[in-house]
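# A look at the structure
One letter stands for each residue in the lines below.
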Amino acid sequence: MTTRQEFENLRKPINIGKVFIKNRIALAPMGDIHQFFDKATGKVNQRWKEYMMERAKGGAGLLIPSVFKIANEVLPYAEKGLTDWMVFRRESIRDYAELAKYVHAYGATIFFQLSPGRGRVILRKEAYEDKEFVPVSPSDNRVLFRQDVRCRPLTMGEIGEIVKAFGDTAEILARCGIDGIELHAHEGYLLDEFATALWNRRTDKYGGDLEKRLTLAIEILKAIKNKAGDDFPVTYRYGVKHFIKRPGKSALRVGEIEIGRDIDESVQMAKILEKAGFNGLHVDTGCYESSYWAHPPIYMPHGFAVELTSQVKKAVKIPVIIAGRLDIPEIAERALAEGKADMIAIGRGLLADPYWPKKVFQNRVEDIRPCIGCHDLMYKSETDQYTTCAVNPFCGGEEIFSLQPAKKAKKILIAGGGVGGMQAAAIACERGHNVFLFEKTENLGGHLIAASVPEFKKDIERLLDYYKIRLNKLKVNMKFNISVTPELIREEDPNVVIIATGSGPVVPDIIGVKKSLVVTCIDLLLGKKEAQNKVVIMGGGLEGCETALWLAKQGKKVTILEILPQLIPGIHRANRDMLLDLLEDSAVDILTNIKVQEITDNGVVCIDRKLNTRRIDADTVVLAIGLKPDKKLYNSLAGETREIYEIGDCKKPRKIGDAIWEATMLALNV
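These remarks concern the structure in this document. (Residues numbered from 1 in each chain as written. Predicted model: local features only at pLDDT ≥ 70, side-chain atom pairs only at ≥ 80, totals over all residues. Heavy atoms only, no water.)

### Some remarks on the sheet that holds strand 26 (residues 557-561)
- Read from one edge of the open sheet, five strands run 24-31-25-26-27, paired in parallel fashion. Each edge of the open sheet carries a strand with a single partner, namely strand 24 (518-520) and strand 27 (589-591). Taken over all neighbouring pairs, the strand axes of this sheet differ in orientation by 25° on average, direction set aside.
- Examined bridge by bridge, strand 25 (residues 534-538) and strand 26 share five bridges and lie parallel to one another. Paired with methionine 538 across the bridge in strand 26 is leucine 561. (Pairing = 2+ DSSP bridges. Helix = DSSP H or I, 4+ residues; strand = E, 2+ residues; numbered from the N terminus. Axes fitted to C-alpha atoms, helices over the stretch in contact; angles between N-to-C directions.)

If you want it as structure tokens, here you go:
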């Protein structure tokens, strides 16, 4: 058992400049929760304040909200309805001041992250379609996501307007009670473009060597200090390595070729920024070309950047905040204890569980709801949906959803102990209902069990362990090796029945599918069958690609066959890009636009879209073409008068977050 003393470094207070921070845990800024502001104006709303206050209640010492774009006439995104960032607005001053007051009441400190804009990585398609809107950059750069669109270089006068706007904004924020400012110079946005030779080819005072390329940042710092005072702290957030292997291609490892910024230059940057008067550095990795370094998926190890970014810590005396999957408390504590950082920034870990700090300090690490690195919140933002955390449906809706005691305790029977069933049981029990969970196997978890088998999916195992501990602490009545039937339901006579019977693998109706060399990916992961050396995987979705990677890491020769033009639709680009790069690195063969016609004793016979036939040798064929809902129990209860609901995969196979969301919303309202 971890003792409280082992987290003593996370508990220690620290100063950034002259501002006191009660512990070493910071909420990292994340800009992809769209329901927090009006997209037409960039103004914040009550949801944003409630979200931030929940993280203050949870015990984080420093809160850094999502990025705010400064208001100026150079890049009038909001005026054109193009913004996907919050925008600093005088109309929101009351909201900023109110938030500062609430945050301070919980003992937390708040810095606002500010940026002049996206520059060459602008995302909104309207920006490309509006002929009057021309993206800007330090130099004549192509827009990353539309190579046929070019940015115009900012003029000297426009740069002066941007610098002035930072000073004016800082003066107002300081009066609102905001404790400091962080300059967002990360991910290849506009400030990062100025600092980077790859994107800054100017010949005036803002271009040239590294010190000149940092002129804009230093002028902004001086403007802020001039307007808000010398004691108003300013930090600088940047990536210590861009991980750009070549244009449009990410490096997979630290030692690969770098055409952007590398660690040696980052160390020099740190020294220049410290000398200029910055009060702290917030270091990260990656950019949009290498999105999985800036937004690390489940495949990226926890604490992956500690050793790399610690080189900045060695070079300066001002506080260094580091980020990068640091939501496992022992890893975060070790980084501080070994002197590799002064503070730890946690992003999605504090979405998954805003009370992470309190649980660490109360020696309740086992109660932390783990982040599973899925980026489901960011994928939802890409599709213009309200975004939340897959494992914490309350995230982003703190003012709307709350756990209230049930007005009348009911007997609730839950059929199925997968993630949906477990979440429904926990919420219903916490509300005071009498819950009985029946699981047809001997273990909780459903598909989480198979999903957690690969070493790179151990966050799923952490989630399953969390649920087991939670249900045991709640003393939920759980019965195993029992299949729920209509007769059992009538015998138990519950007020409410929640069907969470899950799903099973789709088995296609093709010749040879029952041969002994055929196995579903679930049975393979569960160890019910073994793969031989030459493997064909039918299906290039997430389950097929992850299974392929798992097998390739065992030394198998793997080929993925996908009927669609592309692999892995429906997930965030960071997760998709890294998984594809890992498959390439592991020498997995990928064939798209191809359909299996027959499975033989020696492999498969396929046909492509041009009707060409092809034979592929294999001694194992893995089915990974999707899941079908198990509706047998639900359909058998037609005509029952009691309350009956279905949730999760038995309704429609989808993601973990969908099952958790449905389970939560139902359990909050029965």
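### A closer look at the sheet that holds strand 19 (residues 411-415)
- Across the sheet, five strands lie side by side as 21-20-19-22-33; this open sheet has parallel pairing. With one partner strand each, in any of the chains shown, strand 21 (477-480) and strand 33 (643-646) form the two edges of the open sheet. Along the sheet, successive strands turn relative to each other by an average axial angle of 15°, direction set aside.
- Both strand 20 (residues 434-439) and strand 21 contribute to a ladder of four bridges, which runs parallel. Bridging across to strand 21, phenylalanine 436 finds its partner in asparagine 477.

### Focus on a nonpolar patch on the surface
- A surface patch of nonpolar side chains, amounting to about 250 Å² of accessible area, comprises Leu198, Ile257 and Ile259.
- Here isoleucine 259 lies in the loop between strand 15 (249-250) and helix 9 (263-276). (Patch = residues over 30% accessible without salt bridge, like charges linked within 9 Å, V, L, I, M, F, W, Y side chains within 5 Å. Areas by Shrake-Rupley, 256 points an atom, 1.4 Å probe, with all protein chains shown as cover. Salt bridge = Lys/Arg side-chain N within 4 Å of Asp/Glu carboxyl O.)

### Some details on the packing of helix 9 against helix 11 (residues 306-315)
- One way to put it is that helix 9 packs onto helix 11 with a least axis distance of 9 Å and a crossing angle of 35°. In the packing of helix 9 onto helix 11, the handedness of the crossing is right-handed. Contacts between helix 9 and helix 11 involve Ile263, Ser266, Val267, Ala270, Lys271 and Glu274 from the former and Leu308, Gln311, Val312 and Ala315 from the latter.
- In the contact of helix 9 with helix 11, the residues fall into six nonpolar, two polar and two charged. (Left-handed = near helix turned anticlockwise from the far one by under 90°. Contact = heavy atoms within 4.5 Å. Nonpolar A, V, L, I, M, F, W, Y, C, P; charged D, E, K, R; others polar.)

### Topic: the environment of glutamate 98
- Residue placement: glutamate 98 occurs in helix 3 (residues 93-105).
- Here lysine 49 takes part through its side chain, which lies 2.6 Å from a polar atom of the side chain of glutamate 98. (Polar contact = N/O pair within 3.5 Å; in protein donor to acceptor, adjacent residues only side chain to side chain.)

### Examining the side chain of arginine 47
- Among the secondary structure elements, arginine 47 is positioned in helix 2 (residues 46-57).
- No salt bridge is formed by the buried arginine 47, whose closest oppositely charged neighbour, glutamate 399, lies at an N-O distance of 4.6 Å.
- Excluding residues that lie within four positions of it along the chain, arginine 47 makes contacts with Gln35, Phe36, Tyr386, Gly396, Glu399 and Ile400. (Buried < 20%, exposed > 50% of the residue type's maximum accessible area, 1.4 Å probe, protein only. Lys, Arg positive; Asp, Glu negative; His and termini not counted.)

### Let's talk about the pattern of salt bridges
- Under the counting rule described, the total for this entry stands at 48 salt bridges.
- Note that lysine 227 and glutamate 171 form a salt bridge whose closest N and O atoms lie 3.9 Å from each other. Placement of the pair is lysine 227 in helix 8 (residues 215-228) and glutamate 171 in helix 5 (residues 156-176), with a sequence separation of 56 residues.
- Ionic pairing is found between glutamate 643 and lysine 410, a salt bridge with its closest N-O pair at 3.3 Å. You can see glutamate 643 sitting in strand 33 and its partner lysine 410 sitting in the loop between helix 15 (376-382) and strand 19, a full 233 residues away along the chain.
- Owing to a relative accessible area of 28%, glutamate 643 belongs among the partly exposed residues under this scheme.
- In the salt-bridge network here, residues are joined through shared partners; they are Lys164, Asp168, Glu171, Arg175 and Lys227.

### Side note on helix 12 (residues 329-337)
- The set of residues buried in helix 12 consists of Pro329, Ile331, Ala332, Glu333, Ala335 and Leu336.
- On its buried face, helix 12 is in contact with helix 1 (8-11), helix 11, strand 17 (320-322), strand 18 (343-346) and helix 14 (356-361).
- Positive phi shows up at glycine 339, right after helix 12, with a value of about 70°.

### Brief notes about the side chain of threonine 620
- By the secondary structure assignment, threonine 620 is in strand 31 (residues 620-623).
- Here threonine 620 falls in the buried class, since its relative accessible area comes to 2%.
- Within the local environment of threonine 620, its side chain forms a polar contact with the backbone nitrogen of glutamine 532, the two atoms lying 2.8 Å apart.
- Discounting chain neighbours no more than four positions away, the residues touching threonine 620 are Leu517, Val519, Glu530, Ala531, Gln532, Lys534, Val535 and Val536.

### Brief notes about the packing of helix 16 (residues 419-430) against helix 24 (residues 656-667)
- The N-to-C vectors of helix 16 and helix 24 enclose an angle of 30°; their axes lie 8 Å apart at closest approach. With respect to each other, helix 16 and helix 24 are oriented roughly parallel. Considering how the two elements wind past one another, helix 16 and helix 24 form a crossing that is right-handed. From helix 16, Val419, Gly420, Gln423, Ala424, Ile427 and Ala428 reach across to helix 24, where they touch Ile656, Ala659, Ile660, Ala663, Thr664 and Ala667.
- Residues that form the contact of helix 16 with helix 24 fall into these classes: nine nonpolar, three polar and no charged. (Parallel < 35°, antiparallel > 145°, perpendicular 65-115°, else oblique.)

### Structural notes on the nonpolar core
- Within the largest apolar cluster, 175 residues are counted, with the highest numbers of intra-cluster contacts made by Leu10, Trp48, Leu183, Tyr236, Tyr238 and Leu281.
- Looking at this core, the element that brings in the most residues is helix 5, giving nine residues.
- Within the second largest apolar cluster, 17 residues are counted, among which are Leu517, Val518, Met538 and Ile599. (Core = buried A, V, L, I, M, F, W, Y, C linked by side-chain atoms within 4.5 Å.)

### Section: unusual backbone geometry
- The backbone phi angle of phenylalanine 243 is positive, close to 60°, even though this residue is not glycine.
- Looking at the secondary structure, you find phenylalanine 243 in the loop between strand 13 (234-239) and strand 14 (244-246).
- In this structure phenylalanine 243 comes out as buried when scored by relative accessible area, which is 0%.

### Structural notes on the packing of aromatic side chains
- Scanning the model with the defined rule gives 20 aromatic pairs in all.
- Look at tyrosine 236 and tyrosine 238: their rings are 5.6 Å apart centre to centre, the planes differ by 55°, and that puts the pair in the tilted class. With respect to burial, tyrosine 236 and tyrosine 238 carry one shared label: buried.
- With a centroid separation of 5.4 Å and an interplanar angle of 70°, the aromatic rings of tyrosine 236 and phenylalanine 278 are classed as edge-to-face. Of this pair, tyrosine 236 sits in strand 13 while phenylalanine 278 sits in the loop between helix 9 and strand 16 (280-284); the two residues are 42 residues apart in sequence, bridging distant segments of the chain. Across the pair, exposure class does not vary: tyrosine 236 and phenylalanine 278 are buried alike.
- In textbook terms, an aromatic cluster arises when at least three aromatic residues are bridged by ring pairs, as seen for Trp48, Phe68, Phe88, Tyr96 and Phe112.
- Over the ring of phenylalanine 243 we find lysine 241, and its NZ or CZ is 5.2 Å from the ring centre. (Phe/Tyr/Trp six-rings, centres within 6.5 Å; stacked < 30°, edge-to-face > 60°. Lys NZ or Arg CZ within 6 Å of the ring centre and 35° of its normal.)

Shape is all these values report; function is a separate question.
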